[in-house]
Amino acid sequence: MMPFPELVLASHNAGKLKELQAMLGAAVRVRSVAEFSAVEPEETGLSFIENAILKARHAARISGLPALADDSGLAVDALGGAPGIYSARYADGQGDAANNAKLLDALREVPDAERGAQFVCALALVRHADDPLPIICEGLWHGRILHAPRGEHGFGYDPLFWVPECDCSSAELPAAQKNQLSHRARAMALLKQRLGI
């Protein structure tokens, strides 16, 4: 039984809202924080978990509802975990294509064997803005970085992320398959387990 019939998602990203609603199913209605405010909190945390909690508390405060936040990104081994928490703004906020170009440039001389990477997702669920015990679930999706983009699906770094078990890039996976394998899917599976749904 879902403890919350309604949650607010601390994101203005319609794609993320659709993806998380599909993963949670009909047991809970997920609403976007955009319904309540256009203001996004400054992500001042030094980790995915800190930023997820910060965003969840903000969404709960402005909506009055339990809030779920996702902070995710790409951690590349050869770059010491970069772009990490700065994944979305790696190329100074110029968008996915610029982020991908900057990443390819940073890895230009790096051989295949050293191009390991993982997508990281931290989910934080707070019952209210001052919840002293947020529920935190993490998911990792291991792969490596390609030398050129492949595929038309997904967003962000998906065209550069090689998924060994599927022998293709994340952007070549159908959405339903990606929603079963991804870092977000893994974190959500743990959250559903914690909530008993």
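About the thresholds
Residues numbered from 1 in each chain as written. Predicted model: local features only at pLDDT ≥ 70, side-chain atom pairs only at ≥ 80, totals over all residues. Heavy atoms only, no water. Buried < 20%, exposed > 50% of the residue type's maximum accessible area, 1.4 Å probe, protein only. Helix = DSSP H or I, 4+ residues; strand = E, 2+ residues; numbered from the N terminus. Arc of directions from axis to C-beta. UniProt positions renumbered as here; feature names shortened; annotations may be inferred. Contact = heavy atoms within 4.5 Å. Polar contact = N/O pair within 3.5 Å; in protein donor to acceptor, adjacent residues only side chain to side chain. Core = buried A, V, L, I, M, F, W, Y, C linked by side-chain atoms within 4.5 Å. Phe/Tyr/Trp six-rings, centres within 6.5 Å; stacked < 30°, edge-to-face > 60°. Lys NZ or Arg CZ within 6 Å of the ring centre and 35° of its normal.

A. Broad picture of helix H3 (residues 96-106). For H3, every residue scored as buried is listed here: Asn 99, Asn 100, Leu 103 and Leu 104. Along H3, the residues classed as buried sweep out an arc of 130° about the axis, all on the same side.

B. Geometry of the UniProt feature "binding site: Mg(2+)" (unreviewed entry) in the chain. Per the UniProt annotation, the sites labelled "binding site: Mg(2+)" (unreviewed entry) are Glu 42 and Asp 71. The greatest C-alpha distance among the annotated residues, which extend across 30 residues, is 12.6 Å, indicating that they converge on a single site. Along the polypeptide, Glu 42 turns up in the loop between strand S2 (29-32) and helix H2 (48-63). With respect to the helices, strands and loops of the structure, Asp 71 is situated in strand S3 (residues 67-76). Under the relative-accessibility criterion, Asp 71 is labelled buried at 4%. In contact with Asp 71, other than residues within four places in its own chain, are Glu 43, Ser 47, Phe 48, Asn 51, Ala 52, Lys 55, Ile 85, Val 120, Cys 121 and Ala 122. Within the structure, Asp 71 has its side chain in polar contact with the side chain of Lys 55 (distance 2.9 Å).

C. Quick look at unusual backbone geometry. Here the bond from Ala 82 into Pro 83 is cis, since omega is 0°, no more than 30 degrees from zero. Unusually for a residue other than glycine, Asp 92 sits at a positive phi of about 55°. Residue position: Asp 92 is located in the loop between S3 and H3. A relative accessible area of 69% means that Asp 92 is categorised as exposed. Of note, the phi angle at Asp 167 is positive, near 55°, even though the residue is not glycine.

D. Broad picture of the nonpolar core. Leu 7, Leu 24, Leu 68, Leu 123, Leu 125, Met 188 and Leu 191 are the most contacted members of the largest nonpolar core, which has 19 residues in total. The set of elements that each furnish at least two residues to this core consists of strand S1 (6-9), helix H1 (14-24), strand S4 (116-126), strand S5 (135-145) and helix H5 (183-195). Per-element tally for this core: the top contributor is H5, with 5 residues. Once you skip the residues sitting within four places of it in the chain, Met 188 turns out to touch Leu 20, Met 23, Leu 24, Leu 68 and Leu 123.

E. Representation of the packing of aromatic side chains in the model. In the structure shown here, the tally under the stated rule is 3 aromatic pairs. Taken together, a centroid distance of 4.4 Å and an interplanar angle of 45° make the contact between Phe 119 and Phe 161 tilted. Residue Phe 119 is located in strand S4, and its partner Phe 161 is located in strand S6 (residues 161-163); the two are separated by 42 residues in the primary sequence. The burial state of Phe 119 is the same as that of Phe 161; both residues are buried. A centroid spacing of 5.3 Å and a plane angle of 50° characterise the contact between Trp 141 and Phe 161, whose relative ring orientation is tilted. Of this pair, Trp 141 sits in strand S5 while Phe 161 sits in strand S6, placing them 20 residues apart in sequence. Here the aromatic cluster, defined as three or more aromatic residues joined through ring pairs, consists of Phe 119, Trp 141 and Phe 161. Residue placement shows Lys 102 over the ring face of Tyr 90; its charged tip is 4.5 Å from the ring centre.

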